Amino acid sequence: MNIILAHNEISNWLSNRILQLYGLDDEPEVLEPENPQFGDFTTNVAFQLAKKVRKAPLSIAEEIVNSDLPECIKGADVTAGYINFSLSNDVISSIIRNLLSNPDDWRKLHTEKAKKIQVEFVSANPTGPLNIVSARAAAVGSTMANILESAGHNVTTEFLLNDTGNQIHLLDNSFEARIAQIKGNEATIPENGYHGEYIKDYAAEYIESGTHVKPEKWILNKITSEQKQSLEKFRTHFDVWFSEKKFRRSGKIESIIQRLESLGTTYERDKATWFAASKFNSNIKDFVLIKSDGEWAYGLVDIAYHANKFEERGFDKVYTILGPDHYGHRDRLEASMKALGHEDKLKILILQQVNIIEGSEKVKMSKRAGKIITMDELIDDVGVDAARFFFLARRMEAHLDFDLNLARDTSDVNPVYYVQYAHARIRSILKFAENKGLKVEEKINDIKFELAIEPEEILLIRKTIKFPLVVRNASIILGAHLIPFFLIEYSKLFHNFYTKHRVVGENRELSLTRLGISAAVADTIRWGLCLCGISTPNQM
RNA sequence: GCCCCUGUAGCUCAGCUGGAUAGAGCAUCGGACUUCUAAUCCGAGGGUCGCAGGUUCGAAUCCUGUCGGGGGUGCCA
C-alpha cells in the first residue's frame with residue numbers, strides 16, 4: 001500500500017458519491033487537516049455543495065458518508081460540516097512496512113502522467129566565478145529537478161552557456177589587457193570591462209603556462225571549467241551545457257525569424273525588426289528582434305533557443321529559472337512561445353535576488369567591478385549543507401537578505417543540523433539495538449505497529465507515511481521549500497518522541513516496533529535531505 | 001506612468017489554488033542528562049497577518065483602493 005493510492009481512493013470515492021447523490025461532476029479536494037484530531041484526510045466539499053444543492057452543509061456531509069466507505073479507511077466522521085477520514089490501522093501498518101521493505105516503491109509517487117521536463121537554471125555568464133546569487137539558483141534548480149524526478153517525470157537539467165556576445169568581448173579585452181600589463185606593456189581595461197582581481201590571476205596563469213591556445217579561448221575554458229567545478233562541489237549537476245555560440249551558427253535563428261514573419265507577428269520600424277508582443281499580452285510592449293545594425297537581439301536568440309527545446313528536443317514542459325532583472329524578458333518570451341504555438345509549455349520562474357548584508361549595510365554586488373561573494377567562498381565559509389538548506393528554506397519569490405557574518409556565526413544553529421542530528425541519532429540507536437541482537441532490517445515482517453499507541457508514536461507514524469504527498473505537492477506548486485519545512489517539523493516530532501520514550505527497552509516486541517518507526521523516520525529524512533542535495537551523516 | 005515580486009512574533013521566514021484555536025527556527029526567561037547521541041527535550045512570554053473597504057457560511061489567503069520595500073519597462077544580455 002502507498003499513501004498516494006489511499007489518497008486517490010478517497011478522492012475517487014468522494015467524486016462518485018457526489019455524482020450519485022447530486023449528479024455533479026465535481027472534483028472535490030481531499031486535504032490533510034492541520035490538527036490530527038480531525039483524522040488523516042478531510043474534505044470541505046459539503047460547504048461547497050451547499051449552495052448548489054440547496055441544503056445545509058451538515059446534512060450533505062451526512063448523506064455522503066451514509067454509504068459503503070472506501071476500503072482504506074476505518075471511519076468517516078462528520079464534524080461541523082467537514083468530513084474527516086481516518087486510515088485503517090491495517091493500511092497504516094502496511095504503508096510503513098512497505099516503506100521499510102521496499103524503499104524504491106515507497107519513493108514512487110504514481111504521477112498520473114510522466115512528462116519530459118527540462119529545468120534550466122544558473123546559466124550565468126562565463127565571465128567570472130559564480131556568485132552567491134547563482135548559488136541560490138543552483139540550490140533551488142537542482143532540488144526542483146530532484147523533486148520532479150521523484151514525482152515520476154523524466155528530467156533534464158541544462159545550463160545555457162552564453163559563450164558569445166558583448167560580455168564575452170569585454171572579458172576578452174579585459175583579459176588581454178591584463179596579459180599586456182603583466183608583460184609590461186601599456187594597456188587599459190575597457191570602461192565596462194572586468195576589473196576583478198581574478199582576471200589578473202588568470203592572466204598570470206596564462207602567461208606562466210606558456211600555452212599557444214588563444215587567450216579568448218583559454219579564458220572561456222578556464223572560467224567555464226571552474227564554474228563547473230564549483231557547481232559540482234555544490235552538488236549541482238547539469239546534464240547539458242548548451243553553447244549559445246554553436247546555436248547561433250545552426251541556422252535555427254534564421255528559421256525562427258522567418259516563421260515569426262510568416263505568422264504576421266513582426267514588423268519593421270526605425271530600420272529594426274520588431275516582434276508584436278502586445279498582440280499576445282496587452283501588458284507588454286513590442287520589442288526588437290533584429291537591431292537596426294542587423295545584429296540579432298538577445299530576445300530573438302532566446303526565442304529560438306526556447307523554441308528549440310520544444311521543437312527539436314521534444315520537452316513537454318520547460319522550467320527556466322531567471323533572476324529578477326528578467327521580469328520583462330519573461331513576459332516577452334512567454335508571449336513569443338504563445339505565438340509559436342507552445343502556450344503553457346514554458347514556465348519562467350523568477351528567483352528573487354540575494355542581498356548581501358555586512359553589518360547593517362547592503363553590499364552592492366557587481367561582477368564587473370569585481371565585488372562579489374563567490375560560491376566557493378560561501379561553500380568554504382558556511383558549508384554546502386548549511387548553504388543549501390538556507391537557500392531552500394524559503395519560497396523563491398521571497399527576497400533574501402544574506403548576512404554573511406551571521407551565516408558564519410550561526411552556522412551551528414542552522415536548522416539543517418537539527419534535521420541531520422535526528423538522522424544521526426536514529427542511526428546510533430539502530431546500531432545500539434543491533435549490538436543487542438535486534439536488527440530491524442531482518443525483522444520487518446515481525447513488527448507489530450499496532451503496539452504503537454503513545455501519542456508521540458502515532459504522530460510520527462502519520463507524518464512519516466504522508467511525506468510522499470509533500471513531495472508530490474512540491475512538484476505541483478514548484479515549491480522546493482516545502483521539503484525543508486517538513487523536515488524541521490518532522491525532526492522535532494522525533495526528538496520529542498525520543499526523549500519521552502525508551503526505544504530499546506525490556507519489552508522486545510515494543511522495542512522492535514519503536515525501532516521500526518525510527519528506521520522509517522531515518523529513511524524519510526534521508527530521502528528528504530537527498531532531494532535537497534544535503535548529506536545525511538550517520539554520526540555527528 | 002505602467003507591469004511583476006514583497007509586507008505575518010524582537011529577528012529570519014512558513015502558512016496564500018479561501019476552511020476548523022495564526023506556525024517554525026533564532027533570540028529572551030525558567031526547568032530536564034546514573035540509562036539508546038543534551039547538536040536534544042519541556043514550559044513561559046511575544047501578533048489589530050502594513051492600512052482601509054469589498055466578496056463569502058468562513059479571509060493572513062480572493063477583489064478594489066492605499067502606503068512602504070525590491071525589480072522591470074521600445075534596439076544591454
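Above: the structure in question.
Every value quoted in this text rests on a predicted model; they were computed, and no experiment measured them. (Residues numbered from 1 in each chain as written. Chains lettered and ligands numbered in written order. Predicted model: local features only at pLDDT ≥ 70, side-chain atom pairs only at ≥ 80, totals over all residues. Heavy atoms only, no water.)

> Which parts of the structure should I look at to understand the protein's contact with RNA strand B?
Around RNA strand B sit 58 residues in total, of which Asn-35, Lys-291, Tyr-418, Tyr-421 and Arg-425 are the nearest. Considering the 4 Å shell around the protein, atoms of RNA strand B inside it are sugar or phosphate in 60% of instances. A distance of 3.1 Å is found between a base nitrogen of RNA strand B and a backbone nitrogen or oxygen belonging to Tyr-498. Val-503 has a polar backbone atom sitting 2.9 Å from a base nitrogen of RNA strand B. Elements that contribute at least two residues to the surface near RNA strand B include exactly helix 2 (45-53), strand 3 (82-87), strand 8 (272-275), helix 13 (327-339), helix 17 (415-435) and helix 20 (482-500). Residue contributions to the surface near RNA strand B peak at eight residues, all from helix 17. Class assignment of the residues belonging to the surface near RNA strand B gives a composition of 23 nonpolar, 20 polar and 15 charged. (Near = heavy atom within 4 Å. Polar contact = N/O pair within 3.5 Å; in protein donor to acceptor, adjacent residues only side chain to side chain. Helix = DSSP H or I, 4+ residues; strand = E, 2+ residues; numbered from the N terminus. Nonpolar A, V, L, I, M, F, W, Y, C, P; charged D, E, K, R; others polar.)

> What should I look at first to understand unusual backbone geometry in this one?
Among all residues save glycine, negative phi is the norm, and among peptide bonds the norm is trans. Here the phi dihedral of Arg-235 falls at roughly 55°; this positive angle occurs in a residue that is not glycine. Take Arg-235: it is sitting in the loop between helix 9 (215-233) and strand 6 (240-243). Of note, the phi angle at Lys-271 is positive, near 70°, even though the residue is not glycine. Position of Lys-271 relative to the elements: it lies in the loop between strand 7 (266-269) and strand 8.

> Would you take a moment to explain the packing of helix 8 (residues 197-209) against helix 9 for this structure?
A pair of packed helices is captured by two measures, namely the crossing angle of their axes and the spacing between those axes. Running from N to C, helix 8 and helix 9 cross one another at 120°; their axes reach a closest spacing of 11 Å. Two packed elements cross with a definite hand, and for helix 8 against helix 9 that hand is right-handed. Taking contact as the criterion, the partners of Tyr-202, Glu-205, Tyr-206 and Ser-209 in helix 8 are, on helix 9, Pro-215, Trp-218, Ile-219, Lys-222, Ile-223 and Glu-226. Split into classes, the residues belonging to the contact of helix 8 with helix 9 amount to six nonpolar, one polar and three charged. (Axes fitted to C-alpha atoms, helices over the stretch in contact; angles between N-to-C directions. Left-handed = near helix turned anticlockwise from the far one by under 90°. Contact = heavy atoms within 4.5 Å.)

> I would appreciate a short explanation of the nonpolar core in the present structure.
Among soluble globular proteins, nonpolar side chains are generally buried collectively. Counting residues in each nonpolar core, the largest one holds 122 residues, and the members touching the most others are Leu-87, Val-122, Phe-234, Phe-391 and Ile-483. Examining the composition of this core, we find that 11 residues originate from one element, helix 21 (residues 508-531), more than from any other. Formed jointly, this core draws a minimum of three residues from each of two domains, domain 1 (3-87) and domain 3 (412-531). Other than its neighbours up to four places away in sequence, Ile-483 contacts Ile-147, Phe-467, Val-470, Val-471, Ala-474, Gly-528, Leu-531 and Cys-532. (Core = buried A, V, L, I, M, F, W, Y, C linked by side-chain atoms within 4.5 Å. Buried < 20%, exposed > 50% of the residue type's maximum accessible area, 1.4 Å probe, protein only. Domains from an automatic or database assignment.)

> Got a minute to help me understand the layout of surface pockets in this structure?
Where empty space is left in the structure can be found by rolling a water-sized probe over the atoms. Taken as a whole, the second largest pocket holds about 1,100 Å³ of empty space. In this structure, the second largest pocket is lined by 33 residues; those nearest its centre are Glu-32, Pro-33, Lys-466, Leu-469 and Val-470. Counting only elements with at least two residues in the lining of the second largest pocket, the list comes to helix 1 (3-22), helix 18 (455-465), helix 19 (467-477) and helix 20. Sort the elements by how many residues they give to the lining of the second largest pocket and helix 20 lands first, with seven residues. Residues that form the lining of the second largest pocket fall into these classes: 14 nonpolar, eight polar and 11 charged. (1 Å grid on protein atoms, 1.4 Å probe; cavity = no way out; pocket = protein on both sides within 12 Å on 5 of 7 lines; lining within 4 Å. Points joined across faces, edges and corners; volume = space filled by probe spheres on them.)

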